[in-house]
Amino acid sequence: MFRERVRRVILPPAQENIDKLEKVIKEGNYYGAQQMYKSTSARYVSAERYSDALNVLQSGACLQLDKAQITCGAELSLLFAETLAKAKVSYDEDTLAAGTCERCGQTKERCGSPFPAEFFGLYGAKETRDDDDLQKLSEAIAAAKTRVEGCSSFLKAAIKWSAEFGAHRYGSPELHDMLADYMYSESPEVDIGKVSFHFVRGRNPKKFASALVNFMGKCYPGEDDLAIVRAILMYLSLGNLRDANKLMDEVKMEVELKNLNFPSSELTQFVNYLLLTLQRDALPLFNMLRQTYKSSIDRESTFIELLDEIAEKFYGVRRRNPLEGIGDFFKMMGGE
């Protein structure tokens, strides 16, 4: 105990270390600075001076990202989120909606403070794609993947922290929306299933609908109806009939505004009937729909798992093996 008290006393104020490390960054010694940021913040954490540790990590992440050191900046951003959990900092939605970030100068609504805008890759240079130079294109795609993986890891850690310390049991809806939007807009190869996983835990069906309609114009033939139905079923598997209906309405509205064709298939017909059925205490009708449209539902194995979860949520039908199925599906989609 005595040694712990001494250690707390001899550690200098965080700003002293921040100033020293900033000089190392300016000298171009990014790797050396990275190791120093990690060791310095670890000492503050060990001394339970969490605020100082967070200040050091935030400064380091912002500076590294500002210098386009994506891997270094992403690593410090991840440590920042993990330190919030170690410090047991309470999640408060107000911290995501008001005030400004002193370092980046952006409103917290934009930068997601206590996470600076740089944490989300907003300040990272966009890749320049030149179709005439395959090497440059390949390098740009690799850089984009690195940026997305780094930001995604940070946001997943932040979501985990928010779930443990005050947010919804699935984590902050705002952070889920940020991650979904970021993954969709920045990923060189979009996994619409993983994007959907986070959007359904958010609060923005309108933006989700825009992403789906945009995806419809890029996907392979026959994938458009799968993406829409998967999204609806994922909402319903969480018991969220309201946003499932809102998403369907928004998709149809946006498709009409853009003079596109809404995917017409047995699968979309099924989900339209399903949305009506779930508004009533109609388990027999629900089962009849599953049987009637079985061949369409079987196009994707996860639909069976999602429908089993929907039956339990809306009609109290116990799953045959609750230890398997939907939990594994969500784990896979979330990339955990």
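Above this text you will find the structure in question.
So, here is what we can say about the structure in this document. Note that residues are indexed from 1 along each chain, following the sequence as it is written. Reporting of local features is limited, given that this is a predicted model, to residues whose pLDDT is at least 70; pairs of side-chain atoms are given and counted only at 80 or more, and all residues count toward the totals for whole chains, interfaces and linings. Note that water and hydrogens are dropped before the side-chain values are worked out from all heavy atoms of the structure.

A closer look at the overall build of the protein
Under the DSSP-based scheme used, a helix requires at least four consecutive residues in state H or I and a strand at least two consecutive residues in state E, with every element numbered from the N terminus. Scanning the protein for helices and strands turns up 17 helices and zero strands. Residue exposure (1.4 Å probe, protein chains only): buried if accessible area is under 20% of the type maximum, exposed if over 50%, otherwise partly exposed. Counting every position in the protein, which comprises 336 residues, the buried fraction comes to 48%. In what follows, residue pairs with any heavy atoms lying within 4.5 Å of each other are defined as contacts. A sequence separation of at least 24 residues applies to 61% of the contacts in the protein between residues at least 6 apart.

Some details on unusual backbone geometry
Unlike most non-glycine residues, Glu48 shows phi in positive territory, near 60 degrees. Inspection of the secondary structure puts Glu48 in the loop between α3 (30–46) and α4 (50–66). On the basis of relative accessibility, which here comes to 49%, the residue Glu48 falls in the partly exposed class. Residue Ala68 is not a glycine yet carries a positive backbone phi of 65 degrees. Residue position: Ala68 is located in the loop between α4 and α5 (70–86).

A word on the packing of helix α13 (residues 266–277) against helix α14 (residues 283–292)
Only the stretch in contact is used when a helix axis is fitted, and all axes are lines through C-alpha atoms; the angle between N-to-C directions ranges over 0 to 180 degrees. It is at 10 Å that the axes of α13 and α14 come closest, and there the two elements cross at 170 degrees. Between α13 and α14, the crossing angle belongs to the class labelled roughly antiparallel. Only Leu285, Phe286, Leu289 and Arg290 of α14 make contact with α13, whose side of the interface consists of Phe270, Tyr273, Leu274 and Thr277. Angle categories: roughly parallel below 35 degrees, roughly antiparallel above 145, roughly perpendicular from 65 to 115, and oblique for all the rest.

A closer look at the nonpolar core
Residue types Ala, Val, Leu, Ile, Met, Phe, Trp, Tyr and Cys, when buried and joined through side-chain atoms within 4.5 Å, form a set referred to as a nonpolar core. Among the nonpolar cores identified, the biggest contains 61 residues, and Leu233, Leu236 and Leu247 are the most heavily contacted of them. In terms of residue count, helix α11 (residues 224–237) provides more of this core than any other element does, 10 residues in total. Setting aside chain neighbours within four positions, we find Leu236 in contact with Leu241, Ala244, Leu274, Leu275, Leu278, Ile310, Lys313 and Phe314. Counting 24 residues, the second largest nonpolar core, distinct from the first, contains Ile18, Val56, Tyr91 and Phe165.

Focus: the side chain of Thr83
Among the secondary structure elements, Thr83 is positioned in helix α5. Residue Thr83 is classed as buried on the basis of its relative accessible area of 4%. Not counting residues within four places of it along the chain, the set of residues in contact with Thr83 comprises Val45, Tyr50, Ala53, Leu54 and Leu57.

Regarding α3
Counted at 1.5 Å a residue, the expected span for α3 with its 17 residues is 24 Å, and the 24 Å between its end C-alpha atoms agrees. For α3, the full list of buried residues reads Gly32, Ala33, Gln34, Tyr37, Thr40, Ser41, Tyr44 and Val45. Those residues of α3 hidden inside the fold are in contact with α2 (14–26), α4 and α5. With its phi angle positive at about 60 degrees, Glu48 sits one or two positions after the end of α3. Take the residue count of a helix, subtract one, and multiply by 1.5 Å to get its expected span.

What to know about the packing of α3 against α5
Helix packing for two helices is described by the angle between their axes and how far apart those axes are. For the pair α3 and α5, interaxial distance at closest approach is 11 Å and the crossing angle is 5 degrees. Accordingly, the angle class assigned to the pair α3 and α5 is roughly parallel. Across the interface between the two elements, Tyr30, Gln34, Tyr37, Lys38 and Val45 from α3 touch Cys72, Glu75, Leu76, Leu79, Thr83 and Lys86 from α5. Three residue categories are used. Nonpolar comprises Ala, Val, Leu, Ile, Met, Phe, Trp, Tyr, Cys and Pro, charged comprises Asp, Glu, Lys and Arg, and polar comprises the others, including Gly. A class-by-class count of the residues in the contact of α3 with α5 yields six nonpolar, two polar and three charged.

Some thoughts on α5
Each α-helix winds once per 3.6 residues, and so residues spaced three or four apart point in a common direction. Here α5 is 17 residues long and its end C-alpha atoms lie 24 Å apart, about the 24 Å a rise of 1.5 Å per residue gives. Regarding α5, the residues found buried are Ile70, Cys72, Gly73, Ala74, Leu76, Ser77, Phe80, Ala81, Thr83 and Leu84. Backbone geometry just after α5 places Lys88 at a positive phi near 55 degrees.

Some details on the pattern of salt bridges
Whenever a carboxyl oxygen of Asp or Glu lies within 4 Å of a side-chain nitrogen of Lys or Arg, that contact is scored as a salt bridge. In the structure shown here, the tally under the stated rule is 15 salt bridges. In this structure, Lys145 and Glu189 form a salt bridge, with 3.9 Å as the shortest nitrogen-oxygen distance. You can see Lys145 sitting in helix α7 (residues 134–164) and its partner Glu189 sitting in the loop between α8 (173–186) and α9 (192–199), a full 44 residues away along the chain. Given the relative accessible area of 34%, Lys145 is considered partly exposed. Between Lys258 and Glu254 there is a salt bridge, and its shortest N-O distance comes to 3.1 Å. Here the salt bridges share partners, and the residues they tie into one network are Lys206, Lys246 and Glu250.

Digging into the packing of aromatic side chains
Here is the rule: rings of Phe, Tyr and Trp (six-membered ring for Trp) pair when centre to centre is within 6.5 Å. Planes less than 30 degrees apart are stacked, more than 60 are edge-to-face, and the remainder are tilted. A complete count under the given rule lists six aromatic pairs for this structure. Consider the rings of Phe199 and Phe208, whose centres lie 4.8 Å apart with planes at 15 degrees: the pair is stacked. When its relative accessible area of 0% is taken as the criterion, Phe208 is described as buried. Judged by centre distance (6.0 Å) and plane angle (55 degrees), the rings of Phe208 and Tyr235 are tilted. With Phe208 in helix α10 (residues 205–216) and Tyr235 in helix α11, the pair connects residues that are 27 residues apart, well separated along the chain.

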